[in-house]
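# Understanding the architecture of this molecule
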Amino acid sequence: MVQLAINIGNFHPVLVHLPIGIIIFAFILELYQRIKPTEQVGNSIKLAIGFGALSALGAMGTGLLLESNGTYDEELLFKHKWMAISLTAITLVLFFAKGAKNVFLKKAYFPLFIAVNIMLTLAGHWGGSMTHGADFLTKADTPRKIIEDVNKALVFNDIVQPILDTKCVSCHNTKKTEGALLLTSQSEIRKGGDSGSILDSIETKPPLLVQRIALPMEDEEHMPPKGKIQLTPNEIALLNWWMENKNCFDCVAGTLKRSKKIQGYLNELEEDTTTRALLAKRLEPASKEWLNDLLSGDISISPLQEGSPLYIVNLSNTKDLSKKSFKILNDYVENIVEMNLGNSNFHDSLAIVLPSFKNLTKLQLQNTAITDGAMDQIEGLTSLESLNLYGTAITDRALDGVKKLTNLKDLYLWGTETSENAVDRLRKEQVGITIHEIDRDIFKESALLPPTVVAGSYFIKDTLTIALSYPFENTDIFYTLNGSEPDTTSLKYKDSIALNKATVLKAITYKKDWGKSEVVMANFKKSTVTYDAVVLNKSPNEKYAGQGSQTLVDLKRGSNNFVDGNWLGYEGSHFNATFTLAEEQEISSVSVGALSAPGNWIFFPTGFKVYVSNDGRQFRSWHTVKLDEQEPSSSIALDFFDVEFPKTSAKYVRVEVRSILKNPSWHQSPGGKSWLFVDEIVIN
């Protein structure tokens, strides 16, 4: 009998909606009749009120049975129950008042009808607050925290808690505690509910949180319960991932182990919040007709990338620009985010067209006739991130307008009339702007730049020809080929340099009365061994997998940009690969290319182990090198580590590169899983 009562009580969420709809419908009919008295709908109104009263009785009865559940906030339950009882009673009175001949009932009828609607609203509000939270009807939607870099996100606060808030907290909050379980704070989650902890495994069984969300929908213990918004497969996978990593409440996502699939789910949480990304979401692509009109009018336009609704307009070197030239762009002016007017006849009078291009993020005006007057128009382009004023006649006054460009990141001022003092003040006041001034940087002794090494490769098969260059005449270049520091007594560069062996080249530029530049270094490796196969004994992180094992022998060096596709990245682990040589031969060295970028948790190796074999099955340890601990640094650096050992004959060579594994004590995040990045490995 108790079970029957509980089951009938469970019909309350279904029945409670009937009086709401019916009574509101009856009130609308009542208002309609009062506006149009000639319409005879009185009987329909009374019939609707009658059905409303009956459905209210049903909802009230099932609600009284459901109240024994005991999981609701007592104060809200009291208000909701007695308001519902009062509503039912007044609705019954309203039914008899409709069309009554009694003068008192006639006068009370419409005020009672208004009161019923007010009571209906209050009962609904308190009922919704019981099941969905006290501020269910009044709270504004809380936007999910924007995650720009998921690897830096707090796993619980930024990933797990938003899932619980959306799908679970409506039944497990301070106003409604199903199973005495609260999911609104870390302490309450750790505490658990009537069934105990939801985070700890019991014997061989998984934690309750994992069990309940994995149960079939029909199971009474399935969570969220049937009828509620269910967890998506992505959300279930992320919750399981969190649990597998010991439900860490303070961990950063980038420090936890994850599969390729989980990384994909995590990447979907990231949101690009740059100006261009937000515009791309909001705008539609331009019509093909408009694009064709531009191209036929000799206006070069191209999308930022295939399928993007954002465009780059290139009018550089155009000598007949007029206001009419820009008028055709007005149809999709919001879609234009980059414009190149460099080396054109653009001038102050034409600058009046610029404010209409309000979404410009990059504007190039180099070598045009603009002056300070044009800045009055440019300063309104608040989305501007890059502005090139190279070779223009702007003065210090224009820099006041630059200060109004709140999103500006790059400013090019080569060859302008601005003073050094004014530029220095701007640099100090606007620390977020990088000011590029080649003229001032080059033509003073302290900033004489080193030469550029021009080489098609950094690996020598037979002979490699390289060159050294410098953009200005009357500047000498001195270099060494043995790794020693160059000075004015070193080899003087005249023509190309032919290299036929491993070489460490160092070079400087020198100009009389200016002194010498800093040293540039290039490490060229001799590559004499060919390979039948290269096998990675441990797979790299899926985000930094390069070209697989081919990355190690493609004779391409990785750059300072560790996402350039030329690196193999390993998080919190060592590197190990086996090289099968084309033939058994003598070897005496292994060189390993590596990257250091401590700011990105990437560190140089701590040592190397070399194993050799002639049959590919039995390997013997041949040489071990341990390196000194890396000094504290925040700069990005590339290096080749040479491991030299006594000659030995081998067909198979196994190279192990040792990682520091965890960030050192001097790092801003000590103890976090560090990264090891390897690109080229050369065996000689």
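Details of the structure are given in the entry above.
Residues numbered from 1 in each chain as written. Predicted model: local features only at pLDDT ≥ 70, side-chain atom pairs only at ≥ 80, totals over all residues. Heavy atoms only, no water.

### A look at the packing of helix 7 (residues 155-167) against helix 10 (residues 233-244)
It is the contact of helix 7 with helix 10, at a shortest axis distance of 11 Å, that shows an interaxial angle of 130°. Between helix 7 and helix 10, the interaxial angle falls into the category oblique. Read as a crossing pair, helix 7 and helix 10 show a hand that is left-handed. Contact residues: Val155, Phe156, Ile159, Val160, Ile163 and Lys167 in helix 7; Glu235, Leu238, Leu239, Trp241 and Trp242 in helix 10. Residue composition of the contact of helix 7 with helix 10, by class: nine nonpolar, no polar and two charged. (Axes fitted to C-alpha atoms, helices over the stretch in contact; angles between N-to-C directions. Helix = DSSP H or I, 4+ residues; strand = E, 2+ residues; numbered from the N terminus. Parallel < 35°, antiparallel > 145°, perpendicular 65-115°, else oblique. Left-handed = near helix turned anticlockwise from the far one by under 90°. Contact = heavy atoms within 4.5 Å. Nonpolar A, V, L, I, M, F, W, Y, C, P; charged D, E, K, R; others polar.)

### Some details on the sheet that holds strand 5 (residues 336-340)
The seven strands lie next to each other as 3-4-5-6-7-8-9, forming an open sheet whose pairing is mixed. A strand with exactly one partner marks an edge of an open sheet, and here the two such strands are strand 3 (300-303) and strand 9 (434-436). Within this sheet the neighbouring strands show an average axis-to-axis angle of 15°, counted without direction. Bridge count for strand 5 against strand 6 (residues 362-364) is three bridges, and the pairing is parallel. Paired with Asn340 across the strands is Gln364, a residue of strand 6. (Pairing = 2+ DSSP bridges.)

### Describing a nonpolar patch on the surface
A contiguous nonpolar patch, built from Leu47, Phe51, Leu54, Leu57 and Leu92 and spanning about 470 Å² of accessible area, is present on the exposed surface. Among the elements that take part in the nonpolar patch, helix 4 (residues 42-66) stands out by supplying four residues, more than any other. Tracing the sequence through the fold places Leu57 in helix 4. (Patch = residues over 30% accessible without salt bridge, like charges linked within 9 Å, V, L, I, M, F, W, Y side chains within 5 Å. Areas by Shrake-Rupley, 256 points an atom, 1.4 Å probe, with all protein chains shown as cover. Salt bridge = Lys/Arg side-chain N within 4 Å of Asp/Glu carboxyl O.)

### Details of the pattern of salt bridges
If you walk through the whole model with that rule in mind, you get 21 salt bridges. Taking the shortest distance from any N to any O, the salt bridge between Glu429 and Lys403 comes out at 2.9 Å. Separated by 26 residues along the polypeptide, Glu429 in helix 17 (residues 420-429) and Lys403 in the loop between helix 16 (398-402) and strand 8 (410-412) bring together distant segments of the chain. For Glu429, a relative accessible area of 45% corresponds to the partly exposed category. Three or more residues joined by partner-sharing salt bridges are found here, namely Glu30, Arg34 and Lys98. (Buried < 20%, exposed > 50% of the residue type's maximum accessible area, 1.4 Å probe, protein only.)

### Some remarks on unusual backbone geometry
A cis geometry characterises the amide bond from Met223 onward to Pro224, with omega recorded as -5°. With a phi close to 60°, Asn343 is a non-glycine residue in the positive phi region. Relative to the helices and strands, Asn343 is located in the loop between strand 5 and strand 6. Judged by its relative accessible area of 27%, Asn343 falls in the partly exposed class.

### Some details on the layout of surface pockets
Of the pockets and cavities examined, the second largest pocket occupies roughly 390 Å³. Considering the residues around the second largest pocket, the lining is formed by 18 residues, among which Asp149, Asn151, Lys152, Asn600 and Trp601 are closest to the centre. Residue classes in the lining of the second largest pocket are distributed as seven nonpolar, six polar and five charged. (1 Å grid on protein atoms, 1.4 Å probe; cavity = no way out; pocket = protein on both sides within 12 Å on 5 of 7 lines; lining within 4 Å. Points joined across faces, edges and corners; volume = space filled by probe spheres on them.)

### Details of the side chain of His222
If you trace the backbone, His222 turns up in the loop between helix 9 (208-214) and helix 10. Among the polar contacts made by the side chain of His222, one reaches the main-chain carbonyl oxygen of Pro224 at a distance of 3.3 Å. Separated by 2.7 Å, the side chains of His222 and Gln230 make a polar contact. For His222, the residues in contact, after removing those within four places along its chain, are Arg212, Ile213, Leu215, Pro216, Met217 and Gln230. (Polar contact = N/O pair within 3.5 Å; in protein donor to acceptor, adjacent residues only side chain to side chain.)

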